Amino acid sequence: MSEAAEARGYDLVLKGGRVLDERNGVDGVFDVAVKAGRIAAIGKDLAAGARRVEDVGGAIVAPGLIDIHTHVYHKATSLSVDPGFISRRSATTTLVDAGSAGAGNYDGFRDYVMAQSPYRIFAFLNISFPGIFGFDKDVMIGEATLREMLPVHRCVAKIEENRDRIVGVKVRIGGPVTGELSLGALELALEAANAVGLPLMTHIGTAPPSYADVVSMLRPGDILTHCFRPAPNSALNADGTVLKAVRDARERGVLFDIAHGMGAFGYETTEGALGQNFLPDLISSDVHVIAVEGPGYDLLHTMSKLLNCGLTLPQVIGMSTSRPALAIRRPELGHLGVGAPADITVLKQVDSDYVFEDVTGAKRQGTTLLQPVAVYLEGRQMELARRPFEEPFIGSCGHDHRH
Ligand SMILES: [Zn+2]
């Protein structure tokens, strides 16, 4: 071993994978070196003298995946799933909870879930005081139907006390979730988001109010989640063109997030929007107690689905790493620049004959799947869980399919 190699003292080198790091403009075959939990170098031939070397030739080396729309206030809210389970299954290092908790019950989320988990968990705090309290397989009660349930001052105070983990305000808008209060709930949520200077994540559901009315109220940096929900009340006009209000919102800097969930991903909307070159900004799962069993399943599956819709691999990775990190204003995450925390997801892209399904039951024949290989959180290797719903098919050439 050369003196130079020894002096570098890397703890881990991932050797020879395709490194995809949108923030730093990297797409090529490189070694990634980790030291003391941080990215130490990206380059050629870094393995000499490293304590541990993993050959990841043929695999994709990405920043740790960030799922910007999840529900993981596990066991305290009926809709939430176990953050450890979902991180292991979808090769994710950062989970952002989308309003499971409100000001009235956030402390339990912080102390009993976030503080107990090795994964990075952030939250959009629901403008509704009890959070999403009535969501289960056969119970659905809206949390934003009454002004009394949305005390702005309580939401603001809770965020001021918890800026380390709370990254914005969440509101669900639409149909029975808001009832007669309708856009009034969105006004209150915007008042809170303005007061704390953070983004608002807004769920769009059934009308009223209309998709156009909701998206027109959002500010630059706010997130419209469930952006490609099926009609009625989708991002498309009856003639299939993208709504003018949607184009205007993008122009202002509003972000559009997939958030598949159980009701919010339709092929007709997605294919229509992509066909007019209207791409999402963010890919997320909206994983919860129902969506976790399909057809949304989790972030990795939703990424595969969009890959099969024609997005490129670098686009899909960027929308699930760099862009969500910037959307929650955590620029230290979602990239592999030297000095960044060594959150790394290693994936394989394999040939597959998996048949994908949207929330309306429409099916599409797939050709490719992303499968997890390894995950590192601050340089520490994390466990992975089996993906029982996907049967990858390795092509007849006998090796993995690469693009
Ligand atoms: Zn959700």
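Residues numbered from 1 in each chain as written. Predicted model: local features only at pLDDT ≥ 70, side-chain atom pairs only at ≥ 80, totals over all residues.

Trainee: Honestly, unusual backbone geometry in this entry has me stumped. Any pointers?
Mentor: One can expect most non-glycine residues to show negative phi and most peptide bonds to be in trans. Pro208 follows Ala207 through a cis peptide bond whose omega is -10°. For Pro208, the location among the structural elements is in the loop between strand S12 (200-204) and helix H6 (211-216). The omega torsion across Pro208 and Pro209 is 0°, close enough to zero to call that bond cis. In this structure, Pro209 sits in the loop between S12 and H6. The backbone of Tyr297 shows a phi angle near 65°, a positive value even though the residue is not glycine. Tracing the backbone through its elements, the reader meets Tyr297 in the loop between helix H8 (267-275) and helix H9 (299-308). (Helix = DSSP H or I, 4+ residues; strand = E, 2+ residues; numbered from the N terminus.)

Trainee: What should I look at first to understand helix H3 (residues 106-113) in this one?
Mentor: Every α-helix carries 3.6 residues per turn, so stepping three or four residues along brings you back to the same face. Among all positions in H3, only Tyr106, Phe109 and Val113 are buried. Burial along H3 is one-sided: seen end-on, the buried residues are contained in an arc of 80°. (Buried ≥ 20, exposed ≤ 12 C-beta atoms within 10 Å, placed from the backbone. Arc of directions from axis to C-beta.)

Trainee: Please explain the nonpolar core as it appears in this structure.
Mentor: Note that soluble globular proteins tend to have their nonpolar side chains buried in a common cluster. Core analysis: the largest hydrophobic core is formed by 124 residues, its most contacted members being Val32, Val61, Leu125, Val169 and Ala189. Considering every element that reaches this core, the biggest residue donor is helix H5 (residues 183-196), with seven residues. For Val169, the contacting residues outside a window of four places in its chain are Phe124, Leu125, Ile127, Cys155, Ala189, Ala192, Ala193, Leu198 and Leu200. (Core = buried A, V, L, I, M, F, W, Y, C linked by C-beta atoms within 7 Å. Contact = placed C-beta atoms within 7 Å.)

Trainee: I tried to follow the environment of Asp55 on my own but got confused; where do I start?
Mentor: Inspection of the secondary structure assignment puts Asp55 in strand S4 (residues 53-55). Judged by the 12 C-beta atoms lying within 10 Å of it, Asp55 is exposed. Taking the C-alpha atoms as reference points, Asp55 and Lys15, separated by 40 residues in sequence, lie 4.8 Å from one another.

Trainee: Whenever I open this one, the environment of Met382 confuses me. Can you help?
Mentor: Within the secondary structure, Met382 is located in strand S19 (residues 380-382). The sequence separation of Met382 and His71 amounts to 311 residues, and the corresponding C-alpha distance is 21 Å. Setting aside its immediate chain neighbours within four residues, Met382 contacts Val375, Tyr376 and Leu377.

Trainee: Explain the environment of Glu332 here, please?
Mentor: Relative to the helices and strands, Glu332 resides in the loop between helix H11 (322-327) and strand S15 (344-351). If near-sequence neighbours (up to four positions away) are discounted, Glu332 is found in contact with Ala340 and Pro341.

Trainee: I keep staring at the domain arrangement of the protein and nothing clicks. Help me out?
Mentor: When the parts come together, some accessible area is lost, and that loss is often what is quoted as the size of the interface. One can read the domain layout of the protein as domain 1 (3-62 + 338-382) and domain 2 (65-327). Just the C-alpha atoms count here: the centres of domain 1 and domain 2 sit 27 Å apart. Across the boundary between the two partners, domain 1 contributes 24 residues, which contact 25 residues of domain 2. Only S15, strand S16 (355-357) and strand S18 (368-377) provide two or more residues apiece to the side of domain 1 that touches domain 2. Per-element accounting of the side of domain 1 that touches domain 2 gives the leading share, six residues, to S18. (Domains from an automatic or database assignment.)

Trainee: Which parts of the structure should I look at to understand the pairing of S12?
Mentor: Along a regular strand, successive side chains alternate from one face of the sheet to the other. Along S12, five of the five residues are buried, which leaves the element largely enclosed by surrounding structure. Neither face of S12 is left uncovered, since the one carrying Leu200, Thr202 and Ile204 and the one carrying Met201 and His203 both have all their residues buried. Bridging between strand S11 (residues 166-173) and S12 involves five bridges; their strand directions are parallel. Paired with Arg172 across the strands is His203, a residue of S12. Crossover connection from S11 via H5 to parallel S12: handedness right-handed. Bridge count between S12 and strand S13 (residues 223-225): three bridges; the pairing is parallel. Note on S13: the bridge partner recorded for His203 is Thr225. In this fold, the crossover linking S12 to S13 by way of H6 has right-handed handedness. (Pairing = 2+ DSSP bridges. Right-handed = clockwise from strand over helix to strand, strands pointing away.)

Trainee: How do you make sense of the confidence of the model for the protein when you look at a structure like this?
Mentor: In regions of low pLDDT, the predicted coordinates are not meant to be interpreted in detail. Averaged over the protein, the pLDDT score is 95; the fraction of residues at 70 or greater is 96%. A low-confidence stretch, residues 396-403 stays under pLDDT 50, and its non-local contacts, those more than four residues away or across chains, total 14 contacts. (pLDDT = per-residue confidence, 0-100.)

Trainee: What exactly am I supposed to notice about the sheet that holds strand S6 (residues 65-70) here?
Mentor: Two strands in a sheet stick together by hydrogen bonds in their backbones, pointing the same way (parallel) or opposite ways (antiparallel). If you trace the seven strands from one edge of the open sheet to the other, you get S6-S7-S8-S11-S12-S13-S14, paired in parallel fashion. Taken across any chain shown, the strands that pair with only one partner, and hence form the sheet edges, are S6 and strand S14 (255-257). The sheet shows a mean angle of 25° between the axes of neighbouring strands, taken without regard to direction. The sheet contact formed by S13 and S14 spans three bridges and is parallel. Across the sheet, the residue bridging to Thr225 is Asp257, located in S14. (Axes fitted to C-alpha atoms, helices over the stretch in contact; angles between N-to-C directions.)

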